[in-house]
Amino acid sequence: MNAPVKSLAPPAGITAPSWLKRLYNTLLQSVLPPLVITAALLLIWQLLCSGPNASLPPPSQVIEDTWELIVNPFYDNGGTDVGMAWQLLASLERVAYGYALAVVAGVALGVLVGQSTWAMRGLDPLFQILRTVPPLAWLPLSLAGFKDSHPSALFVIFITAIWPIIINTSVGIRNIPEDYRNVAKVLRLNGVEYFHKIMLPAAAPYIFSGLRIGVGLSWLAIIAAEMLIGGVGIGFFIWDAWNASRISDIILALVYVGVVGFLLDRLVLFVGNRITRGTSA
C-alpha cells in the first residue's frame, strides 16, 4: 500500500508573511513595469539596427564591443586611458565640490531673498536673467578668469546648480505660515533659534525640491564642460570616443551617465524624505 502523498500547499489559515507580500507588491508594481518596457525597447533597437545599412550598432554589438570596459572598469594605463569607474569618479568629484558650494550659497541667498522684500526686489530680476544663460556659455569666461580647467569646471557646476536652489529656498521661506512666525514671537526666539527651529524645517520641502533640480543640472553641466576642458572624466571620454568613431563606447557611457544621474536624484530625494519626514516633493 502506497504512503499518502503530503500536500505542498500551506495549511488552511496560514498566510504568507507581511514582508513577503510587500516584496511581491513592490516587484510587481515598481520593478516589473520598467523591466518589461526596457526589454521591449532593447528588442526594437536590436531589430532596427541589425541591418547592414544601420548607422548605430544594435545592443548585442554594443555589449560585444565594450565588454572589456564593462568587466574591467578600474583599469589604469596612465593619463586619460583609465576605466569607466575612474572616469565617473573624476566627474563625480567635480560635481561634489561645485554642487556643495552651490548648496551653501544658494540656501543662504534664498533665505535672504525670502526674508527681505528689499533683497527680493533687488536681486530677483538679476537671478531671473542669469539663470537663463546656458551652462557652457560660462565656460570661456571662467577659463579666462581662473586660467585653469579644474576650477573652471567647478564654477560651471556652481553657476548652473545655484539658481533652482535660490528660487525654491526663497519660495519656501516666503510660504512659512504666519502661525509659525507668531509662535516664534511668543517664544521670543532669537535669530539663530528661529532659523534652526522654524525657518529651515518649514521650508525644507521647497529647499530639497531645489536641491534635486540642482544636482541634476550639475551632472548635466559637468558632462558638457568636460567635453571641452579635457582630462579624465566621463564627458571627455564621450568626446574622445566620438573622435575615434567608437560609437559603442559612447552608448555605454550614456547608459552610465543616465544611471548615475538617476542615483544622484534618488540620493537627494532619500535624504530629503528623511529630513522632512516624507513631505519633500
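Residues numbered from 1 in each chain as written. Predicted model: local features only at pLDDT ≥ 70, side-chain atom pairs only at ≥ 80, totals over all residues. Heavy atoms only, no water.

- An unreviewed UniProt entry lists the chain under the name Nitrate ABC transporter permease, with Phytopseudomonas seleniipraecipitans as the source organism.
- The heading Sequence similarities (unreviewed entry) in the UniProt record of the chain holds the text "Belongs to the binding-protein-dependent transport system permease family." (UniProt positions renumbered as here; feature names shortened; annotations may be inferred.)

### What about unusual backbone geometry?
Logical step 1: A positive phi angle, near 60°, is found at Lys147, a position not held by glycine.
Logical step 2: Position of Lys147 relative to the elements: it lies in the loop between helix 6 (139-146) and helix 7 (149-174).
Logical step 3: The phi dihedral of Ser245 falls on the positive side, at around 60°, and the residue is not glycine.
Logical step 4: When you line up the elements, Ser245 lands in the loop between helix 10 (234-243) and helix 11 (247-276). (Helix = DSSP H or I, 4+ residues; strand = E, 2+ residues; numbered from the N terminus.)

### Comments concerning the packing of aromatic side chains
Logical step 1: Overall, the coordinates contain 4 aromatic pairs when judged by the stated rule.
Logical step 2: For the ring pair Phe127 and Trp163, a centre distance of 5.6 Å and an interplane angle of 45° mean the geometry is tilted. Of this pair, Phe127 sits in helix 5 (residues 117-130) while Trp163 sits in helix 7, and the two are 36 residues apart along the sequence.
Logical step 3: Judged by its relative accessible area of 8%, Phe127 is buried.
Logical step 4: An angle of 75° between the planes, with centres 6.1 Å apart, marks the rings of Trp138 and Phe155 as edge-to-face. Remark: Phe155 occurs in helix 7 and Trp138 occurs in the loop between helix 5 and helix 6; sequence separation between them is 17 residues.
Logical step 5: Residue classification places Trp138 among the buried residues on the basis of a relative accessible area of 14%. (Phe/Tyr/Trp six-rings, centres within 6.5 Å; stacked < 30°, edge-to-face > 60°. Buried < 20%, exposed > 50% of the residue type's maximum accessible area, 1.4 Å probe, protein only.)

### Concerning the environment of Lys147
Logical step 1: Classification of Lys147 by relative accessible area gives exposed; the value is 70%.
Logical step 2: Sequence spacing of Lys147 and Gly83 is 64 residues, and the spatial spacing of their C-alpha atoms is 28 Å.
Logical step 3: A distance of 3.3 Å separates a polar atom in the side chain of Lys147 from the backbone oxygen of Ala144. (Polar contact = N/O pair within 3.5 Å; in protein donor to acceptor, adjacent residues only side chain to side chain.)

### Focus: the UniProt feature "domain: ABC transmembrane type-1" (unreviewed entry) in the chain
Logical step 1: Sequence positions flagged by UniProt for "domain: ABC transmembrane type-1" (unreviewed entry) are, in local numbering, residues 88-268.
Logical step 2: End C-alpha to end C-alpha, residues 88-268 measures 18 Å, and it is 87% helix and 0% strand.

### Points about the UniProt feature "transmembrane region" (unreviewed entry) in the chain
Logical step 1: Following the UniProt record, the feature "transmembrane region" (unreviewed entry) maps to residues 27-48, 96-114, 152-173, 219-239 and 251-271 here.
Logical step 2: Annotated as residues 152-173, this span is 100% helix and 0% strand, and its ends, taken at the C-alpha atoms, are 32 Å apart.
Logical step 3: Taken end to end, residues 251-271 comprises 100% helix and 0% strand; its first and last C-alpha atoms sit 31 Å apart.

### Looking at the side chain of Ser218
Logical step 1: With respect to the element layout, Ser218 can be found in helix 9 (residues 191-229).
Logical step 2: Residue Ser218 is classed as buried on the basis of its relative accessible area of 0%.
Logical step 3: Leaving out residues up to four positions away in the same chain, Ser218 has contacts with Val95, Tyr99, Ile157 and Ala161. (Contact = heavy atoms within 4.5 Å.)

### Examining the packing of helix 10 against helix 11
Describing two packed helices takes the angle between their axes plus the distance from one axis to the other.
Logical step 1: Closest axis-to-axis distance for the helix 10/helix 11 pair is 8 Å, and the angle between their directions is 160°. Of the possible angle classes, the one that applies to helix 10 and helix 11 is roughly antiparallel. Of the two possible hands of crossing, helix 10 and helix 11 adopt the one that is left-handed. Counted together, Ile234, Phe237, Ile238, Ala241 and Trp242 of helix 10 and Ile247, Asp249, Ile250, Ala253, Leu254 and Val257 of helix 11 form the full contact between these two elements.
Logical step 2: Class assignment of the residues belonging to the contact of helix 10 with helix 11 gives a composition of 10 nonpolar, no polar and 1 charged. (Axes fitted to C-alpha atoms, helices over the stretch in contact; angles between N-to-C directions. Parallel < 35°, antiparallel > 145°, perpendicular 65-115°, else oblique. Left-handed = near helix turned anticlockwise from the far one by under 90°. Nonpolar A, V, L, I, M, F, W, Y, C, P; charged D, E, K, R; others polar.)

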